[in-house]
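Chain by chain, the residues:
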Amino acid sequence: VYNNVFENLLSAAMEDQVAYLEKVPDEIFIVDCPYPELQSDLIHSFNSLTEKYKLRLAICHLYTLSVCLRNCGWNAADHECFQHIMSQYSPSLRNQRSLYIDMLQRMLPHISKQELSAHERQSDWYHFSISQKNLILQGWQRDHSELLLRALNMLEDCIISHIQQQEVQKQRSHQQNICLKLRAKLQRWRIQQEEAAELEATLAANWYKEEEERLRKEQQREKTRRTQLKKQVMSSLIKRCHGLYVLNRVNFRKEQFQQKLQMREAEEKQKQKYDKEREERLQALRNQVSKVAEANPERMMGNTVAWRVRQQPEEVFTLQRPLYQLNTYTDTQIVSDPRVRIEQVLRTAGLHNTPYARQILSEIQPLKPPRRDMESAAFRT
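Residues numbered from 1 in each chain as written. Predicted model: local features only at pLDDT ≥ 70, side-chain atom pairs only at ≥ 80, totals over all residues. Heavy atoms only, no water.

> Can you tell me about the overall build of the chain, naming the residues and giving the values?
Scanning the chain from N- to C-terminus turns up 12 helices and zero strands. Traced from its N-terminal end to its C-terminal end, the chain shows the element sequence α-α-α-α-α-α-α-α-α-α-α-α. Here the chain holds 381 residues, and 15% of them are scored as buried. Across the chain, every contact between residues at least 6 apart in sequence was considered, and the portion connecting residues at least 24 apart equals 71%. When the accessible area of the chain is evaluated, it comes to approximately 32900 Å², of which 56% is carbon and sulfur surface. (Helix = DSSP H or I, 4+ residues; strand = E, 2+ residues; numbered from the N terminus. Buried < 20%, exposed > 50% of the residue type's maximum accessible area, 1.4 Å probe, protein only. Contact = heavy atoms within 4.5 Å. Areas by Shrake-Rupley, 256 points an atom, 1.4 Å probe, with all protein chains shown as cover.)

In structure tokens form, the structure reads like this:
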């Protein structure tokens, strides 16, 4: 009976809360929204939220009803005794379940352990369903409040935006009226200016024609006067300045000839300078590749080794003779180089890899200077 009363009270409270949540808030209808489509979308959003959570509640309610139907086999006294014993053992106790199962078997000996376990699972499932309903209602309440807050903010923003648009439209209309009046005044002023400009253009054209005719006549008179004066001057100049003109022309030709001679001399000097620099560069190249061997006329005029070999009789082949002739340095020639001896001494002392050894070896000069054509130019900067 206690469970039925509690369940009825809980169901009534849930039904009141569901009735409140599934109703679209009055604030959505009271607000004078300038956009009916927005108001319809908000109402649709609340209805969609209601349908989603009502579907969850219906599924949870079906599970709860299925559990209650399976519990009909127990009477009220046994179920109340079961609930009372379960409440006596706190979840913090060790072996809680084994303790209250043992007590239930003593208090309800006519019920088997399997039935107790089944009834325990059903009771847990019932309480879990009740807690799930509460969680669903809490989520519904939270989403409903958030949606209402967003909707009110959106409606407020829309109203402010609509008012601003109306103000802007009003200012725009006022500006358009002012622009129309100014445009009409400007059009009238342009017509007046065009009429005045046409009148001024006509007067200017007439004056220009008269002035042009006057200037043409004056220029004609001046041209006639200048022609006559020019004829008189030319006739007098021809008589007086013919000899001076010829003399100036001869002097001018002499100056041109002198300038040409100077230019030719400058080009010849430049060519000689270029040839001299070219010869110096060639000589420098010749000095770089010239041989440094001493003159030996006797060797130059004497017989070659190959000729002497051909003149000698053939030697008897011996197995001890080497197959190829080796042209290399002897150990005496190698040891005669001071660099080899100093490097051997430094190696024996264990100093051949030190900076001091590298400095000493770089300062020692060979017995004979190297040929200039054998000098490497790869590392020159």
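> Before we move on, can you summarise the nonpolar core with the specific residues and values?
Counting 18 residues, the largest nonpolar core has Ile28, Leu38, Leu42, Phe46, Trp140 and Leu155 as its most contacted members. Sorting the residues of this core by element identifies helix H3 (36-70) and helix H6 (113-240) as the ones contributing at least two each. When residues in this core are grouped by element, the largest group, eight residues, is from H6. Counting residues in each nonpolar core, the second largest holds 10 residues, with Phe82, Met86, Leu108 and Ile111 among its members. (Core = buried A, V, L, I, M, F, W, Y, C linked by side-chain atoms within 4.5 Å.)

> Talk me through the pattern of salt bridges; I want residue IDs and the actual numbers.
All told, the structure shown has eight salt bridges when counted by the stated rule. Salt-bridge contacts for aspartate 143 lead to arginine 142; the nearest nitrogen and oxygen are separated by 3.9 Å. On the basis of relative accessible area, aspartate 143 is assigned to the buried category, the value being 18%. According to the relative accessible area criterion, arginine 142 is partly exposed, its value standing at 47%. Between arginine 347 and glutamate 343 there is a salt bridge whose closest N-O contact spans 2.8 Å. You can see arginine 347 and its partner glutamate 343 sitting in helix H11 (residues 338-349), four residues apart, about one turn around the helix. (Salt bridge = Lys/Arg side-chain N within 4 Å of Asp/Glu carboxyl O.)

> Quick rundown of a nonpolar patch on the surface? Include the residues and the values.
Taken together, the side chains of Tyr329, Ile334, Val335 and Val340 present a nonpolar region at the surface, about 390 Å² in accessible area. Of note, isoleucine 334 is situated in helix H10 (residues 331-335). Since its relative accessible area comes to 42%, isoleucine 334 is described here as partly exposed. (Patch = residues over 30% accessible without salt bridge, like charges linked within 9 Å, V, L, I, M, F, W, Y side chains within 5 Å.)

> Describe the confidence of the model for the chain, listing the residues and the values that go with them.
In this model, the chain carries an average pLDDT of 77, and 82% of its residues clear a pLDDT of 70 or more. Mean pLDDT values over the elements of the chain span from 54, in helix H1 (residues 2-21), up to 90, in H11. In this model, residues 1-9 is a region of pLDDT below 50 whose contacts with residues beyond four sequence positions or in other chains number four contacts. (pLDDT = per-residue confidence, 0-100.)

> Please give an account of a positive patch on the surface that cites residues and values.
On the surface, Arg249, Arg253, Lys260 and Arg264 cluster together to form a positively charged patch. Checked against the element boundaries, arginine 264 lands in helix H7 (residues 242-289). Take arginine 264: its relative accessible area is 57%, and that puts it in the exposed class. (Lys, Arg positive; Asp, Glu negative; His and termini not counted. Charge placed at Lys NZ, Arg CZ, Asp CG, Glu CD.)

> I'd like a rundown of the packing of H11 against helix H12 (residues 355-363), residues and numbers included.
Axis separation between H11 and H12 bottoms out at 10 Å; the angle between their running directions is 170°. With respect to H12, the axis of H11 lies roughly antiparallel. Contacts from Arg339, Ile342, Glu343 and Leu346 in H11 reach Ala357, Ile360 and Leu361 in H12. Within the contact of H11 with H12, the residues separate by chemical class into five nonpolar, no polar and two charged. (Axes fitted to C-alpha atoms, helices over the stretch in contact; angles between N-to-C directions. Parallel < 35°, antiparallel > 145°, perpendicular 65-115°, else oblique. Nonpolar A, V, L, I, M, F, W, Y, C, P; charged D, E, K, R; others polar.)

> Explain the environment of serine 87 to me, and be specific about the residues and the numbers.
Following the sequence through the fold, serine 87 ends up in helix H4 (residues 76-88). Using a relative accessible area of 54% as the deciding quantity, one classes serine 87 as exposed. Taking C-alpha positions, serine 87 is 9.3 Å from tyrosine 100, a pair spaced 13 residues apart along the chain.

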